[in-house]
Amino acid sequence: MNISANNGVWSGSWVAERLGVELVGDDGLRALLGLALRRNPKRAHLLVSHVLGKHVPQSPSVVYGHGFGLGRRVRELLGEREAARSVVLGYAETATGLGHSVADGIGLAPYLHSTRRPVVGVAPAGGFEESHSHATSHLLLPEDPVLLAADGPLVLVDDEFSTGNTVLNTIRDLHARYPRKRYVVVALVDMRSAADAGRLAAFAEEIGARVDLVAAASGTVRLPEGVLEKGQELVARYEEGAAPGASSSAAASGPVAQFPAPLTGRSAARPEGARGTARSAPTHPHATDNRTTPHLAAPLPSHPPHLTRADLHWPPGLPDGGRHGFTPGHRIRLESALPLMAARLAEALPPDARRVLTLGFEELMYTPLRIARELEALVTAEVRYSTTTRSPVLAVDDPGYAIRSRLVFPAHDNPADGPGERYAYNVAGAGFDAVVLFVDSIGDTPELHAPDGLLARLGAHVPHVLLAVVPSYVPALSEESPAMLPEPLRGPAFSSYAPDDVGWLLQDLSDVTLEAPTEEREEAIQSGGAHYAESLPVEYQPNERYQALFHAALETSAARIAQAVGVVTETVLAERSPRPVLVSLARAGTPVGVLMRRWAQFRYGLDLPHYAVSIVRGRGIDANALRWLAAHRDPRDVVFVDGWTGKGAITRELADAIEEFEEQAGVTGFDPEIAVLADPGSCVRTYGTREDFLIPSACLNSTVSGLISRTVLRADLVGPHDFHGAKFYRELAGADVSVAFLDAVAARFGEVVDAVDAAVKELAVADRTPTWEGWAAVERISEEYGIHDVNLVKPGVGETTRVLLRRVPWKILARAGAGADLDHVRLLAEQRGVPVEEVGELPYTCVGLIHPKYTRGATGADGRAVNL
């Protein structure tokens, strides 16, 4: 038999013809779903997804793509800000991988799935019942209970949305514990009846929250009267092996596989969980067995199959899935490890394999799926993906039926609800040359390796079996003290600043090669293949003409900068704390923090502590740095410092990160409002000026920032108890102007005192409420220029300079009449072949636009911009 194709026959026609079941809805619905019959007294039919990766082997790219695409739709629905605050909850066992893929599509959402596997010592944070399922109880076991306690949107993911009972039970249970304003229900298919369709809106009104629904397709199943009884009768007849009129293409359901062969008509039913007896093996693992008897044990091979144990080198401490929670940090670690794990499997496969199945294990769906997707790109063989399941389903070998064959084997993970049968569908008879079975270490038991276990069942039908064991992640059962964090790094061992100028709450990655060409980084960032914080741009080395511009700009603007430093420092001392702890956001904020410290010394003789910490857009502030600060300083005295605001993305990132940290760590008192030298975006209340002018420290990179690189956050370099990393470019000491910049500005403090005092008095009575006009301007520019991504619009002189130094620029918008403040911008643009477009109405002096459709083919290997 060949169950890898159905010759164009819809895989639901067999059930539809015999029971009168109709599937109606979207045009693509039948491409997504087939039908089978459950061995379940509560529901006759089973909707069998072709793209879920549970019952039907499918391309892993197709399976992952459907979940990821739904996640992208959720992200669009929620918007970037709310998506970043969301939590995704998937349903065991069927939707664990789907939910995790949706979380990936959203991008920044932590993930948790329900489980039917209790863990000793882990208290449930909730639970619910699935009314129509064969196994009803779901547990929620997050390692961090705060995961469900936040008030951001909760995204609930299941493979199908039928009656809505399961989802509504979940929301009702969680809303009573952790009320929130918004829920999003996600499913591959929305199959509610007309009667059920209005329940969601009524339920949302009942609990006072918004509930949205996102589905890939919608329709309904029309069931004739008495379908449950008819279905049960049909299942009983076929399982007894006595279906009147059954042809050789519609055989009964046996415990291992169904073949197009006559049935003996014998019944050997056994109690639930009992093991069968072995029979003689067919002459070839793929040969048909004309003696198939319902409910007897699998035919075992006459000699052991070729079994290989593949060592994945799983990253230590990385969760195997979302049973106890899977954070964006975990996702980064997994993404880094996937290529090597897939390569090890590719090496272990037989070189002549033409068709390979990667088989997951019940709730362990996501990890096998991601590795299978990587494997698919590495090998020439056709790779398919599915998983084992608890669901008992009738198997019928007919092209019009979705479950063509069935392997039955005993549970092998010592389940809490006792021993029982487990199943793998559409594996036998599918022509696989090799199967890679993934189990977690709890499932790697003697039962798995027993003569009637899953490995033997697979070996009866596939010549090569690989076993890949993923370590089962178990949360710590006791409260352990966090790892001791190191003391801050200081110059001259780390940075060219004096030891008292700043303490860096970072780890030294100077010996690691992290630089990549600008064009290569841009392509990876925009394609979603890498985050900007995982690598560093090659440090720009200015030529003599550019260095001359820097020194001229410094001479011209030093007094202006000194005044802004004085104003922001005086405002902090008057309004925030008389003894503030300055915490600059590395690295642009660090020179400003040092200057503010110098002003406090100059004016009042204060010796203010100053530290530098890392914050990464999309990933938040370094929580370990906050933990160190909370242990050593009063959080109420901490004032976060940055150089300038553009559209305010970091301002928002810091506020969200502080809120999350305080909820998780139980620490309070940090004020998330940033104090900045310049606030042209009108994003903060504490600033030195709101003018968009040239701050010479923005002209250069490390050579004006203590020779420190931009910060790095990469899973293989930064562990859960490490500070974020950075490099110290000692080799650039000859070009370093960091201290020269500080000295030039500080030398002008005396002459600006009166101006500072006057400006501070004006600010004290002024309305400084942020208007976020910069953000509005960026959104307008993004749409007017057809970019449609605010992250690629960088407003202000400082951000424009960064675009030219670190990214692949498309064009520069300059305010008409802007003078010397843009001399260095024009020079950099000339060097990179980037057009400068003068604009009459522009709220900033200039705006840098990153190439919105960047590939090296689109711009040229040298990164020179071209028109779209």
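Heads up: the structure comes first, above all this text.
Reference entry: report on the structure contained in this document. On a predicted model such as this, the values are computed, not experimentally measured, just so you know.

Right, let's get into the pattern of salt bridges. Between side chains of opposite charge, a pair can form as their charged atoms come close. Across all of its chains, the model carries 40 salt bridges by this definition. In this structure, Asp104 and Arg370 form a salt bridge, with 3.3 Å as the shortest nitrogen-oxygen distance. Taken as a pair, Asp104 in helix α5 (residues 96-106) and Arg370 in helix α12 (residues 366-378) lie far apart in primary sequence, 266 residues in all. A salt bridge links Asp444 to Arg309; the shortest N-O distance between them is 3.0 Å. Taken as a pair, Asp444 in the loop between β16 (434-440) and α13 (446-449) and Arg309 in strand β11 (residues 306-310) lie far apart in primary sequence, 135 residues in all.

Right, let's talk about the packing of helix α16 (residues 544-575) against helix α21 (residues 753-765) for a bit. How two helices pack is summed up by the angle between their axes together with the distance between the axes. Between α16 and α21, the least distance of the axes is 9 Å, while the angle of their chain directions is 50°. Between α16 and α21, the crossing angle belongs to the class labelled oblique. Considering only the axes of α16 and α21, their crossing is right-handed. Contacts from Gln563, Gly566, Val567, Glu570 and Thr571 in α16 reach Ala755, Val756, Ala759, Val760 and Leu763 in α21.

Glancing now at the sheet that holds strand β12 (residues 355-360). Working definition: the strands of a sheet are paired by backbone hydrogen bonds and lie parallel or antiparallel to each other. Here we have five strands laid out as an open sheet, ordered β11-β17-β16-β12-β13, and parallel in their pairing. Strands with a single pairing partner mark the edges of an open sheet, and in this sheet they are β11 and β13 (382-387). Between one strand axis and the next, the sheet turns through 20° on average, direction left out of account. Relative to β16, β12 runs parallel, the two being bridged by four bridges. Opposite Leu357, over in β16, you have Val435 as the bridge partner.

Here we take up the environment of Tyr546. Looking at where Tyr546 falls in the secondary structure, it is placed in helix α16. Accessibility expressed as a relative area gives 0% for Tyr546, which makes it buried. As for Tyr546 and Asp823, which are separated by 277 residues in sequence, their C-alpha atoms are 9.4 Å apart.

The next subject is the nonpolar core. In this structure, Leu37, Val155, Val186, Leu345, Tyr401, Leu437 and Leu458 are the most contacted members of the largest nonpolar core, which totals 132 residues. In terms of residues, this core owes the most to one element, strand β9 (residues 182-190), which gives seven residues. Excluding anything up to four places from it in sequence, Val155 contacts Val74, Leu78, Ser86, Val87, Val88, Leu89, Val102, Ile106, Val184 and Val186. Among the nonpolar cores identified, the runner-up in size contains 107 residues, and Leu595, Phe693, Leu717 and Ile812 belong to it.

On to the sheet that holds strand β32 (residues 846-850). Spatial strand order, β29-β32-β30-β31: four strands in an open sheet with mixed pairing. Two strands lie at the open edges of the sheet, namely β29 (793-795) and β31 (836-839), each paired on one side alone. Each adjacent strand pair in this sheet contributes to an overall mean axis angle of 20°, direction not counted. Where strand β30 (residues 809-815) meets β32, five bridges bridge the pair, whose relative direction is antiparallel.

With the rule as written, the count across this model stands at 14 aromatic pairs. For the pair Trp14 and Tyr238, a centre-to-centre distance of 5.3 Å together with 85° between the ring planes defines the contact as edge-to-face. Separated by 224 residues along the polypeptide, Trp14 in helix α1 (residues 13-19) and Tyr238 in helix α10 (residues 227-239) bring together distant segments of the chain. The buried category is assigned to Trp14, whose relative accessible area is 1%. Put simply, the rings of Phe494, Tyr497, Trp504 and Phe728 touch in pairs and so form one group of aromatic residues. Here Arg30 stacks its cationic end above the ring of Trp10, 3.9 Å away from the centre of that ring.

Cut-offs and rules
- Residues numbered from 1 in each chain as written.
- Predicted model: local features only at pLDDT ≥ 70, side-chain atom pairs only at ≥ 80, totals over all residues.
- Heavy atoms only, no water.
- Salt bridge = Lys/Arg side-chain N within 4 Å of Asp/Glu carboxyl O.
- Helix = DSSP H or I, 4+ residues; strand = E, 2+ residues; numbered from the N terminus.
- Axes fitted to C-alpha atoms, helices over the stretch in contact; angles between N-to-C directions.
- Parallel < 35°, antiparallel > 145°, perpendicular 65-115°, else oblique.
- Left-handed = near helix turned anticlockwise from the far one by under 90°.
- Contact = heavy atoms within 4.5 Å.
- Pairing = 2+ DSSP bridges.
- Buried < 20%, exposed > 50% of the residue type's maximum accessible area, 1.4 Å probe, protein only.
- Core = buried A, V, L, I, M, F, W, Y, C linked by side-chain atoms within 4.5 Å.
- Phe/Tyr/Trp six-rings, centres within 6.5 Å; stacked < 30°, edge-to-face > 60°.
- Lys NZ or Arg CZ within 6 Å of the ring centre and 35° of its normal.

Interpretation in functional terms is not warranted from these geometric data alone.
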